[in-house]
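If you want the building blocks of each chain, they are given just below.
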Amino acid sequence: MFTATLIAAQALAAGEISAAADRLADAGCAPATSGWIDEGKAADLWFGMDPAAARAALEGRFDGVDIVVQPSEGRAKALLVADMDSTMITVECIDELADYAGIKEQVAAVTERAMRGELDFEAALDARVALLAGLDEAVIERCLAERVTIMPGATALVRTMRARGALTVLVSGGFTRFAEPVAAEIGFDRAIANRLTIEGGRLTGTVAKPIVGAQTKRATLLAAVEERGLDASATLAVGDGANDLAMIEVAGLGVAYHAKPIVAAAAGARIEHGDLTALLYAQGIGQAHWVV
């Protein structure tokens, strides 16, 4: 049995659930029953055949509604591995640091290309960090206070999963000076990120090696699976950029969150309208059970 979860950014009508069931029937997916998770916000439809056809029949067919299609068994996950920049927070930290140096436009253009998969992530990171050489270390704390905002739904997602026994890991191609306080604020068990090198109170323009990139993210997920003795199906990975693809592709549920096209095309699920609480609805967890 499979589940298609409809998650509305604003409001979900009963008629849309009925229309979704009709689409599943037309696609030969053998729909069964449906039910609300939270009335007017999220609902499940259960069906018996061809999840790929179900996804094709439903995604993008309802305005402002995200669709998650997956096996019904095991939809509640025991491991969350999440990206930070533009996923758990609303900004790209390196771009914001660059703004204090007066070079945001130059750095942000490289960031965008790297996140789209057009540039090698590690080389692009080295090149961007080099442009920050000489920046006062104090700018990091200022940037954290003035620019970094937690993504809507992030705290509920992480704290709820953790309260239900899941291991939660933030793994970022960004920097520990942001990732560690962000992880602590949201409620992650662990944080892994790159370390900026600093001498005499100023950035040297280099980052410690090895760089935390796509393969580190994948390895982090697989190591946590082994540590916890989990089946891969019990894992959830979420990110927005090309350096998240490796972990998204090996997760039981790999989610592209407001993501670049290359990620959205490859992920098992796309969240394009709602916030991160959509990933609680995808696990069948209604608002009454959220921890905030």
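Scroll up for the structure.
Residues numbered from 1 in each chain as written. Predicted model: local features only at pLDDT ≥ 70, side-chain atom pairs only at ≥ 80, totals over all residues. Heavy atoms only, no water.

A. Expanded view of the overall build of the chain. Secondary structure summary: the chain contains 12 helices and 12 strands in total. Here the chain has a C-alpha radius of gyration of 20 Å; the compact-globule value for 292 residues is 19 Å, and the two agree. Projected onto its principal axes, the C-alpha positions of the chain cover 65 × 35 × 30 Å. When contacts within the chain are restricted to residue pairs at least 6 apart in sequence, those whose partners lie at least 24 apart make up 66%. In the structure as shown, the chain presents an accessible area of about 11,900 Å², 49% of it carried by carbon and sulfur atoms. (Helix = DSSP H or I, 4+ residues; strand = E, 2+ residues; numbered from the N terminus. Rg over C-alpha atoms; globule rule 2.2 N^0.38 Å. Contact = heavy atoms within 4.5 Å. Areas by Shrake-Rupley, 256 points an atom, 1.4 Å probe, with all protein chains shown as cover.)

B. Local environment of the nonpolar core. Counting 66 residues, the largest nonpolar core has Met-88, Leu-97, Phe-178, Phe-188, Val-238 and Leu-276 as the members making the most contacts within it. In this structure, Ala-4, Cys-29, Ala-43 and Ile-67 belong to the second largest nonpolar core, which totals 18 residues. (Core = buried A, V, L, I, M, F, W, Y, C linked by side-chain atoms within 4.5 Å. Buried < 20%, exposed > 50% of the residue type's maximum accessible area, 1.4 Å probe, protein only.)

C. Local environment of the state of the cysteines. For the structure on display, the rule yields zero disulfides. We note that Cys-93 lacks a disulfide partner, and the nearest cysteine sulfur, in Cys-143, lies 5.9 Å from it. (Disulfide = S-S within 2.5 Å.)

D. Structural context of helix H7 (residues 154-163). Turning to H7, its buried residues are Ala-154, Ala-156, Leu-157, Val-158, Thr-160 and Met-161. Against strand E5 (79-82), strand E6 (167-175), helix H8 (176-186), strand E10 (235-239) and helix H12 (278-281) lie the buried residues of H7. Directly beyond the C-terminal end of H7, a positive phi value near 100° is found at Gly-165.

E. View of the packing of aromatic side chains. With the rule as written, the count across this model stands at two aromatic pairs. Relative to Phe-47, the ring of Phe-2 lies with its centre 5.6 Å away and its plane at 25°, an arrangement referred to as stacked. You can see Phe-2 sitting in strand E1 (residues 2-8) and its partner Phe-47 sitting in strand E3 (residues 42-47), a full 45 residues away along the chain. Phe-47 matches Phe-2 in its accessibility class, with the two residues each being buried. Ring centres of Tyr-281 and Trp-290 lie 5.3 Å apart, and the angle between their planes is 65°; this geometry places the pair in the edge-to-face category. Here Tyr-281 falls in the buried class, since its relative accessible area comes to 1%. When the ring centre of Tyr-100 is taken as origin, the NZ or CZ atom of Arg-147, which lies over that ring, is 4.6 Å away. (Phe/Tyr/Trp six-rings, centres within 6.5 Å; stacked < 30°, edge-to-face > 60°. Lys NZ or Arg CZ within 6 Å of the ring centre and 35° of its normal.)

F. How the structure looks around the pairing of strand E2 (residues 31-38). The sheet contact formed by E2 and E3 spans five bridges and is antiparallel. Counterpart to Pro-31 in the pairing with E3 is Phe-47. Where E2 hands over to E3, the hairpin turn is made up of three residues, of which Gly-40 adopts a positive phi near 80°. (Pairing = 2+ DSSP bridges.)

G. Highlighting unusual backbone geometry. The omega torsion of the bond from Lys-209 to Pro-210 falls at 0°, within 30 degrees of zero and hence cis. Along the polypeptide, Pro-210 turns up in the loop between strand E9 (202-207) and helix H9 (214-228). Residues other than glycine seldom take positive phi values, yet Ala-30 does so here, at roughly 55°. In this structure, Ala-30 sits in the loop between helix H1 (14-26) and E2. A residue is classified by how much of its surface remains accessible, and Ala-30, at 40% relative accessible area, is partly exposed.

H. Broad picture of the environment of Asp-231. The residue Asp-231 is located in the loop between H9 and E10 in this model. Under the relative-accessibility criterion, Asp-231 is labelled exposed at 52%. Considered as a pair, Asp-231 and Val-171 are 60 residues apart in the sequence and their alpha carbons are 20 Å apart. Within the local environment of Asp-231, its side chain forms a polar contact with the side chain of Ser-233, the two groups lying 2.8 Å apart. (Polar contact = N/O pair within 3.5 Å; in protein donor to acceptor, adjacent residues only side chain to side chain.)

I. Region of the structure containing the sheet that holds E2. Within the open sheet, the four strands sit side by side as E2-E3-E1-E4. Their pairing is antiparallel. Two strands in the sheet have a free side with no partner beyond their single neighbour: E2 and strand E4 (65-71). This sheet shows a mean twist of 20° between the axes of neighbouring strands, independent of strand direction. Alignment of E1 against E4, held across seven bridges, turns out to be antiparallel. Bridging across to E4, Ala-4 finds its partner in Val-69. Where helix H2 (residues 51-58) meets the sheet, its contacts fall on E1, E3 and E4, and the angle it forms with E4 comes to roughly 175°. (Axes fitted to C-alpha atoms, helices over the stretch in contact; angles between N-to-C directions.)

J. Local environment of helix H6 (residues 138-147). Listing the buried residues of H6 in full gives Val-139, Ile-140, Cys-143 and Leu-144. Around the axis of H6, the buried residues are gathered within 140° of arc, so they sit on the same side. The elements touched by buried residues of H6 are helix H3 (93-100), H8, strand E8 (196-199) and E9. (Arc of directions from axis to C-beta.)

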